[in-house]
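Coordinate inspection notes
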Amino acid sequence: MKSKAMKWLTSVPVAIALAASLAACGGASQPTGTPTDALAGSDQQTLDKYTTAEVTPIDKIDKSKLGLITDGTLRVGTLSDAPPNIFIDPSGKFTGYDNELLRAIGDKLGLKVEFASTDFSALLSQVSNKQFDVGSSSISTTDARRKTVGFTNGYDFGYMAVVTKNDAKVTGFADLKEGVRIGVVQGTVQDDYVTNTLKLEPVRFPDYNTVYGNVKNGQIDAWVAPSQQASGQVKEGDNTKIAEKVVNTQNFTAYAVNKDNQPLLDALNAGLDAVIADGTWTKLTSEWYTDRTTAAEQTPQGWKPGSKAVQIPAK
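An account of the accompanying structure is given in this report. All chains use their own residue numbering, which begins from 1 and follows the written sequence. This being a predicted model, a pLDDT of at least 70 is required before a residue's local features are given, and a value of 80 or more before pairs of side-chain atoms are given or counted; all residues contribute to the totals for chains, interfaces and linings. The side-chain numbers reported here are obtained from all heavy atoms of the structure, hydrogens and water having been left aside.

A helix here means a DSSP run of H or I that spans at least four residues, while a strand means a run of E at least two residues long, and both kinds are numbered starting from the N terminus. Looking at the element boundaries, Gln 126 is found in helix α4 (residues 120–128). We call two residues in contact whenever any of their non-hydrogen atoms come within 4.5 Å of each other. Setting aside chain neighbours within four positions, we find Gln 126 in contact with Thr 118, Gln 131 and Phe 132.

Moving on: the pairing of strand β1 (residues 73–78). The side chains of a regular strand alternate between both faces of the sheet. Categorising residues by exposure relies on relative accessible area from a 1.4 Å probe, with only protein chains included: less than 20% of the type maximum marks a residue as buried, more than 50% marks it as exposed, and the intermediate range marks it as partly exposed. The element β1 is largely enclosed, with a buried count of 5 among its 6 residues. By the convention used here, strands pair only if DSSP detects at least 2 bridges between them. Two elements, β1 and strand β5 (residues 112–117), share 6 bridges in a ladder whose sense is parallel. In the strand pairing of β5, Thr 78 is matched with Ser 117.

Turning our eyes to something else, we now look at the pairing of strand β8 (residues 156–165). With 8 of its 10 residues buried, β8 lies for the most part within the structure. As defined by bridge partners, β8 adjoins strand β11 (residues 222–226) across 4 bridges and the pair is classed as antiparallel. Within the sheet, the bridge partner assigned to Ala 161 lies in β11 and is Ala 225.

A few words on the pattern of salt bridges. By convention in these notes, a salt bridge is any Lys or Arg side-chain nitrogen within 4 Å of a carboxyl oxygen on Asp or Glu. This structure, assessed with the given rule, holds 11 salt bridges. Between Arg 204 and Asp 191 there is a salt bridge; the shortest N-O distance is 3.0 Å. Of this pair, Arg 204 sits in strand β10 (residues 203–205) while Asp 191 sits in helix α6 (residues 189–197), and the two are 13 residues apart along the sequence. A relative accessible area of 0% means that Arg 204 is categorised as buried. Note on Asp 191: relative accessible area 0%, which makes it buried. Linking Asp 291 and Lys 245 is a salt bridge whose minimum nitrogen-to-oxygen distance equals 3.3 Å.

So, on to the sheet that holds strand β3 (residues 86–88). Strand order across the open sheet formed by 3 strands is β2-β3-β4, with antiparallel pairing between neighbours. The outermost strands of the open sheet, each flanked by one partner alone, are β2 (81–82) and β4 (94–95). Two elements, β3 and β4, share 2 bridges in a ladder whose sense is antiparallel. Bridge pairing in β4 links Phe 87 to Thr 95.

Moving on: the environment of Val 246. Mapped onto the elements of the fold, Val 246 is located in strand β12 (residues 240–257). In this structure the C-alpha to C-alpha distance between Val 246 and Gly 172, which are 74 residues apart in sequence, comes to 9.8 Å.

In this section: the packing of helix α3 (residues 97–109) against helix α9 (residues 262–277). Angles here are taken between N-to-C directions and fall from 0 to 180 degrees, while the axes themselves are lines fitted to C-alpha atoms, restricted in helices to the stretch in contact. Where α3 contacts α9, the two axes come as close as 8 Å, and the packing angle between them is 105 degrees. Our classification of the angle between α3 and α9 gives roughly perpendicular. Every residue of α9 that contacts α3 at Leu 101, Leu 102, Ala 104, Ile 105, Lys 108 and Leu 109 is listed here: Ala 267, Leu 268, Gly 271, Leu 272, Ala 274 and Val 275. By residue class, the composition of the contact of α3 with α9 is 10 nonpolar, 1 polar and 1 charged. By the definition adopted for this analysis, an angle is roughly parallel if under 35 degrees, roughly antiparallel if over 145, roughly perpendicular if from 65 to 115, and oblique otherwise. Each residue is assigned to one of three groups, with Ala, Val, Leu, Ile, Met, Phe, Trp, Tyr, Cys and Pro labelled nonpolar, Asp, Glu, Lys and Arg labelled charged, and all others, Gly among them, labelled polar.

Read these as layout, nothing more, since geometry by itself doesn't imply function.
Structure follows, in structure tokens:
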């Protein structure tokens, strides 16, 4: 039986136009500020700083005070092209690990969840401006992003990957140097890593399909990607590969909420703890990440999801 993670949308057209012109004419914003070395490993003090000690019990959540755009409904901004985390399946349903987990959290809170597609580069500002109640897009919780939005407790970590053609001279992160045409999705942690940590100028693309298409056709030498999305794009017969991947728990992955809406943050944190405690988080993680079937693979380097108080049930 195939896992849900294999049922990815594979027929989305890939735009071939180079994004170099976009970067050259200022259409793509460049990350600025203090570099975030996404490969530095887990900083437990930083993670503890942003993880709540406990959560409000579900039965104490007042749904009338959540400040939702539509009462009783979470309006969620997400992506359509980033399996296995956030994508639209062939039936037209928004799905993926992040979105199915959010549906489960919504169920715990008695809230309907409605998704709409957007670009990652616009998502955080749309959440901040209350165009969406929640942003769901495997968002790494950097300090710079916390200036724009609030974040729930973490529900995931990630890996960084380098994607190349099979015969490429680039074999991993060590080969990302001046003269290598490096692709990233605009506004991502990978964009920040290449720009501010490696001090290189990447070619910025609007979405995952487009950057991967430019790896396949040789317009760029390498794509620095979240490895979950890299795994979702690289397919047998594409003449491409994941050349290297490295664990990144420096900034956990969380849902974005307007930073002034503490009641909604509290509610989502309560729902997240509830789906961790009842085994739903473990079940979904195993289903969508087929390379994370053990507890050690799901909680590397001392990382764990949810509040400090919640316990992951033993399998």
